[in-house]
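Here is what each chain is made of, one letter per residue.
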Amino acid sequence: MWKKRPSTYGYGDAAALARSPSSSSAASASGDSEEEDTGFLEVTVSDMKHPPPELGPMPEGLSPQQVVRRHILGSIVQSERSYVDSLKRILQDYRNPLLEMEPKVLSARKCQVVFFRLKEILQCHSMFQIALASRVAEWDTAEKIGDLFVASFSKSMVLDVYSDYVNNFTTAMSLIKKACLTKPAFLDFLKKRQMASADRVTLYGLMVKPIQRFPQFILLLQDMLKNTPKGHADRLSLQLALTELETLAEKLNEQKRLADQVAEIQQLCKSISDRSSLNKLLSSGQRQLLLCETLTETVYGDRGQLIKSKERKVFLLNDMLVCANINFKGQMEISSLVPLGPKYVVKWSTALPQVQVVEVGQESGAYDKDNVVIHNAGAKKHAPAGQASHNKVYLGPPRLFQELQDLQKDLAVVEQITLLISTLHGTYQNLNMTVAQDWCLALQRMMKVKEEEIHSANKCRLRLLLPGKPDKSGRPISVMVVFITPNPLSKISWVNRLHLAKIGLREENQPGWLCPDEDKKSKAPFWCPILSCHMPAFSKALDLQLGAAVHNPVQSSLLGFSAISTSLPQGYLWVGGGQEGAGGQVEIFSLNRAVPRTVKSFPVASPVLCMEYIPEAGDDGDTQEPRPTTEQPPTSPHPTVCLGLRDGSIAVYGSVDTGTQCLLTCKSPGMQPVLCLKHSPEFLFAGLQDGTVAAYPRNNGGLWDVGEQPARLAVGTGPVRVLLTLDETLWASCDNQVTVLDATSLHAQQTFEAHPDAGASVTHMVKAGSGVWMAFSSGSSIRLFHTETLEHLQEINIATKTTFVLPGQKHVRVTSLLICQGSLWVGTDQGIIVLLPVPRLEGIPKITGKGMVSLNGHGGPVEFLAVALSTLAPDVLKGDQEEEEEGEDEKPPELDGPPPREMRKKGILLQYRLRSTSHLPGQLLSVREAPAGVAPAHTEEDGSIYEMADDPDIWVRSRPCARDAPRKEISSVAIISGGRGYRNFSPESPRRGGDADSTLLIWQLPLML
């Protein structure tokens, strides 16, 4: 089945791949006998000669950290022994008996497919165990393990055997499932083997372990690294080992994802006629599966009541949406032995551009009401005869909206009554202004509760407007389909992926990226950053040079649920620039929408060269700031944006939400141009043209103290082009050298040479994990340095990537760098943007995979690359049950509990703060006399406002919402590049060039869920 492996190997694997046998896929091996499966030298490892690793007794006098490291080593030894035992069990308890069994319940050929590459995986780990045993034996003298992992798991053979195994896994499970259903003897064999084992682990449970192995290793090495102090001989090796394992795990995950995607599409194809157009579309190999999930389709009646619900499997492909019925046919008894895949019956499919997400309460702008007739999917047969359905959409919960409108009307009436009550001459206990105002407050509270119920109804309800067949008059019919998602996270994921998949179909994203190392193969849009828009950087037609951009994240509580899923990262994008010899300009864009919008633009005295966003004190681990006492007003400032100008000015502005006021300005020492800005909890650092760094301390108000001369740190004679804050240090570049300064005492610790050419000044530095990538003023190379030893670890020539887009252009210069979400973005002076994969964890950010080149770029140098990143508020992910529980916790204690249901139907007493009116002056206005000397008791109508109307017909709380997933953090990410004009580098594109105005390109990534 898996004849082609995705080519995601690193640079060092090329020679090994060239030597690997052509028969290294399960499909080719499946037809051969086991003896013909060559390509790997089999080595038998004897337990007698090489006993498994054993950690000896703990010596005395170890430090607490050494004790912890020893325990982690024990866990590594134990988990590896358990893993090797599991591999042996598969071969000895399952594969060997099946091959020897007579009569055979599984042919030798099928056995070869099911257990493909397991012997080679066992061999890899047997060799690793031998090496591990020697390291364990000398642990108390050497304490080194990292280099062993690097040596063992950087070999191409390891990637090859695991890749083959992962690619074949779905086929193997499918074959086992089929054999269970068709051969009772095989099913019986699996059951007996499981029952005979001490731990009752199934064959599937054993065979999934190789897929889980590297994530387990990563967790153990992360623990070891946390307990390995800086300067330890094993530290760099551990970081490199973490990089190797993460890279390997990423490649295997990607291959597993591709294999699962192909399997799901094939399973879907089986449910469709071979002659159908949909089958041909799915079988073409051009479809990528972006998302598939079991959702509950719900149908509502004309009063908003739930009529029926049924589970459907919904498939989001890169250009179409498919909905299928799920049919679990077959013997369910085998589901405990091997996962059962359902059969599908396609219900409908539609092209993605025609699918619209319609949020509850936002129908007005979603379609043309005059020219479109909407039917509620599945509800026609339940509708009363003769009832008009034109533009009367009942897609639950409609009664909530009606009740909200009724409450708004009632509030208007009660406000008029209040005015009339104010004209009464007499004084009455239960009819006065206090009571009337309490009615108004109660109605407002009821309206708030109703709005919250509508919001909750939205959280797990995915409403899609689909095209239907035109009616007899030719008017288009649209069909509304309502799905309940398992939790709010799932709803966000569907809306976000639908939105981005549509953007991915635009011309500029078809294709948007090329892989030069894969014969210029284009990449599927959705698995790369998607270009969502390109736009002028400045609203006015000014010929301005771009200088810098920075994102000011601001969470907006006003954003709707769908807007959160489709908008760019929340907050504001500040863009600065100017003109040589003239003034500067700042443009601020709101990102709380799918396309940025200018909200403010203002001039500054001189061109903007750099910007720095400084979060609120305390947001960035600012624990050393003095805390305000209760008597003083809070001294922590709001988030600020600092601008560095060519004329030597530093200007500090408040955020947009506080009016974008200029809070303070100052001049750098000697009026030197401010080339770069960075902040720490204690200081604002400015890199200046004359080779010095100015350090401004914080004052008591939390802002920077500009009253006195800042501390000046001499770095060199050339300009300080770039600063980088790392833990408690500050890296400052000057010419081809980098000086490491203590960020608190401001003393220089050491200086190192970053490039052998004295004329190659360091222009950019970005950190990831335990490494820093640097770019230079000349040459096309970028270089990687270790943050702790300052050792040079890797060098990559960017020109080898860009020549595929612009042949003959050998002189390339890197003009911008950015690391985000496991990718190193590189902007060049040709306007081309290159993307290189780097590890995400705390290892060394070595480039081990193949890069991509964007076919969308600029007509001139890429002046900057900026990231906009925000996290969604956690309450967005709350399910209904959580909100109910919190609501119960928040009930004011003085309010009454809910009355019995039968009493509630008689009406609701409009109470908000008042328990009764007996304490108010005046007589009780009532036809019944109150007993003398006794306060009026609470009547049967008493009840708290928020208990109103929990009628099940109002809206249906979906069952899955109650099983809400654990709350996670959702990250929204966009990458912004700035440069002259927009250019499409695709040879087929007619728009090879664009205008020369400063332009922003914005790429979006799928929400990190």
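Residues numbered from 1 in each chain as written. Predicted model: local features only at pLDDT ≥ 70, side-chain atom pairs only at ≥ 80, totals over all residues. Heavy atoms only, no water.

Another aspect to go through is the overall build of the protein chain. Across its full length, the protein chain carries 21 helices and 40 strands. Burial statistics for the protein chain: of 1009 residues in total, 51% are counted as buried. Contacts spanning at least 24 positions in sequence make up 67% of the contacts within the protein chain whose residues lie at least 6 apart. By element, 52% of the accessible surface of the protein chain is carried by carbon and sulfur atoms, the whole surface being about 45,700 Å². (Helix = DSSP H or I, 4+ residues; strand = E, 2+ residues; numbered from the N terminus. Buried < 20%, exposed > 50% of the residue type's maximum accessible area, 1.4 Å probe, protein only. Contact = heavy atoms within 4.5 Å. Areas by Shrake-Rupley, 256 points an atom, 1.4 Å probe, with all protein chains shown as cover.)

Right, let's talk about the sheet that holds strand 20 (residues 674-679) for a bit. Read from one edge of the open sheet, 4 strands run 20-21-22-23, paired in antiparallel fashion. The open sheet terminates on both sides in strands that have one partner only, identified here as strand 20 and strand 23 (711-714). Taking the axes of each pair of neighbouring strands and ignoring which way they run, one obtains an average angle of 25° across the sheet. Both strand 21 (residues 683-688) and strand 22 (residues 692-697) contribute to a ladder of 5 bridges, which runs antiparallel. Directly across from Phe 683, in strand 22, lies its bridge partner Pro 697. (Pairing = 2+ DSSP bridges. Axes fitted to C-alpha atoms, helices over the stretch in contact; angles between N-to-C directions.)

The subject of this paragraph is the packing of helix 7 (residues 146-153) against helix 12 (residues 235-269). Between two packed helices, what matters for the description is the angle formed by their axes and the separation of those axes. The geometry of helix 7 relative to helix 12 is characterised by a closest axis approach of 7 Å and an angle of 30° between their N-to-C directions. Handedness of the crossing formed by helix 7 with helix 12: left-handed. In this structure, helix 7 uses Gly 146, Asp 147, Phe 149, Val 150 and Phe 153 to contact helix 12, whose residues at the interface are Ser 237, Leu 238, Leu 240, Ala 241, Glu 244, Leu 245 and Leu 248. Here the contact of helix 7 with helix 12 is built from residues that sort into 8 nonpolar, 2 polar and 2 charged. (Left-handed = near helix turned anticlockwise from the far one by under 90°. Nonpolar A, V, L, I, M, F, W, Y, C, P; charged D, E, K, R; others polar.)

Let us now look at the sheet that holds strand 16 (residues 608-614). The strand order across the open sheet formed by 4 strands is 16-17-18-19, and the pairing between neighbours is antiparallel. A single partner strand is all that each edge strand has here, and the edge strands are strand 16 and strand 19 (662-667). Ignoring which end each strand starts from, the neighbouring axes of this sheet average 15° apart. Relative to strand 19, strand 18 (residues 649-654) runs antiparallel, the two being bridged by 5 bridges. Within strand 19, the residue paired with Ile 650 across the bridge is Cys 666.

Moving on: the nonpolar core. One broad rule of soluble globular proteins: the nonpolar side chains tend to lie buried together. If you look at the biggest cluster of nonpolar residues, it comprises 64 residues, and the most contacted ones within it are Phe 115, Phe 149, Met 207 and Phe 214. Considering each element in turn, this core owes the most residues, 13 residues, to helix 8 (residues 156-182). Every residue in contact with Phe 149, bar those within four places of it in the chain, is listed here: Ile 76, Phe 128, Ser 154, Phe 217, Leu 221, Ala 241 and Leu 245. If you look at the next biggest cluster of nonpolar residues, it comprises 24 residues, including Ile 782, Leu 784, Val 826 and Ile 832. (Core = buried A, V, L, I, M, F, W, Y, C linked by side-chain atoms within 4.5 Å.)

The next point concerns the environment of Trp 704. Relative to the helices and strands, Trp 704 is located in the loop between strand 22 and strand 23. The sequence separation of Trp 704 and Val 652 amounts to 52 residues, and the corresponding C-alpha distance is 8.9 Å.

We now examine helix 9 (residues 184-196). For helix 9, which comprises 13 residues, the first-to-last C-alpha distance of 18 Å matches the rise-based estimate of 18 Å (1.5 Å per residue) to within 8%. Among all positions in helix 9, only Phe 186, Leu 187, Phe 189, Leu 190 and Gln 194 are buried. Projected down its long axis, helix 9 shows its buried positions confined to an angular sector of 160°, all on one face. Projecting away from the buried face of helix 9 at angles above 90 degrees are the exposed residues Pro 184, Lys 192, Met 195 and Ala 196. The elements touched by buried residues of helix 9 are helix 3 (64-100), helix 8 and helix 10 (203-207). (Expected span 1.5 Å × (residues − 1). Arc of directions from axis to C-beta.)

As for its placement among the helices and strands, Glu 791 is situated in the loop between strand 30 (781-786) and strand 31 (792-797). Residue Glu 791 is classed as partly exposed on the basis of its relative accessible area of 39%. Placed 20 residues apart in sequence, Glu 791 and Gly 771 show a C-alpha to C-alpha distance of 9.5 Å. The contact partners of Glu 791, leaving out residues within four places of it in the chain, are Leu 236, Leu 784, Phe 785 and His 786.

Now for the pairing of strand 15 (residues 597-604). By the bridge criterion, 7 bridges tie strand 14 (residues 584-590) to strand 15 in an arrangement that is antiparallel. Note that in strand 15 the partner of Phe 589 across the bridge is Thr 598. Following strand 14, the chain reverses through 6 residues before pairing antiparallel with strand 15.

Tracing the backbone shows Val 826 in strand 33 (residues 823-828). Separated by 10 residues in the primary sequence, Val 826 and Leu 836 place their C-alpha atoms 8.0 Å from one another. Not counting the four nearest positions on each side in its chain, Val 826 is found in contact with Ile 782, Ile 798, Val 814, Ser 816, Leu 817, Ile 832, Ile 833, Val 834, Leu 836 and Leu 865.

The buried count for strand 17 (residues 640-645) comes to 6 of 6 residues, which makes it a mostly enclosed element. Along strand 17, one buried face is formed by Thr 640, Cys 642 and Gly 644 and the opposite face, lined by Val 641, Leu 643 and Leu 645, is buried too. With 6 bridges joining them, strand 16 and strand 17 adopt antiparallel strand pairing. Following the sheet pairing, Cys 610 is matched in strand 17 by Gly 644. The sheet contact formed by strand 17 and strand 18 spans 5 bridges and is antiparallel. Bridge pairing in strand 18 places Thr 640 opposite Gly 654. Counted along the chain from strand 17 to the antiparallel partner strand 18, the turn is 3 residues long, and its residue Gly 648 has a positive phi close to 95°.

Within the protein chain, residue pLDDT values average 77, and 74% of them lie at 70 or more. Considering only residues more than four positions removed or in separate chains, one finds that residues 380-396, a stretch of pLDDT under 50, has 26 contacts. Across residues 883-906, where pLDDT falls below 50, the model places 30 contacts with residues more than four positions away in sequence or in other chains. (pLDDT = per-residue confidence, 0-100.)

Take Thr 243: it is sitting in helix 12. Judged by relative accessible area, Thr 243 falls into the buried class, the value being 2%. Polar side-chain contacts of Thr 243 include one of 3.0 Å to the backbone oxygen of Gln 239. Excluding its chain neighbours within four sequence positions, the residues that come into contact with Thr 243 are Pro 839, Gly 843, Ile 844 and Lys 846. (Polar contact = N/O pair within 3.5 Å; in protein donor to acceptor, adjacent residues only side chain to side chain.)

Overall, the coordinates contain 0 disulfides when judged by the stated rule. Here Cys 528 is not cross-linked by a disulfide; its sulfur's nearest cysteine counterpart is in Cys 515, at 7.0 Å. (Disulfide = S-S within 2.5 Å.)

So, on to the side chain of Ser 668. You can see Ser 668 is positioned in the loop between strand 19 and strand 20. At a separation of 2.6 Å, a polar atom in the side chain of Ser 668 contacts the main-chain carbonyl oxygen of Gln 672.

A separate point is the pattern of salt bridges. Applying the stated criterion across every chain, the model contains 23 salt bridges. Across the pair Arg 69 and Asp 234 runs a salt bridge, and its minimum N-O distance is 3.6 Å. Of the two residues, Arg 69 sits in helix 3 while Asp 234 sits in the loop between helix 11 (209-226) and helix 12, which places them 165 residues apart along the sequence. Residue Glu 788 pairs with Arg 235 through a salt bridge whose shortest N-O separation is 2.6 Å. (Salt bridge = Lys/Arg side-chain N within 4 Å of Asp/Glu carboxyl O.)

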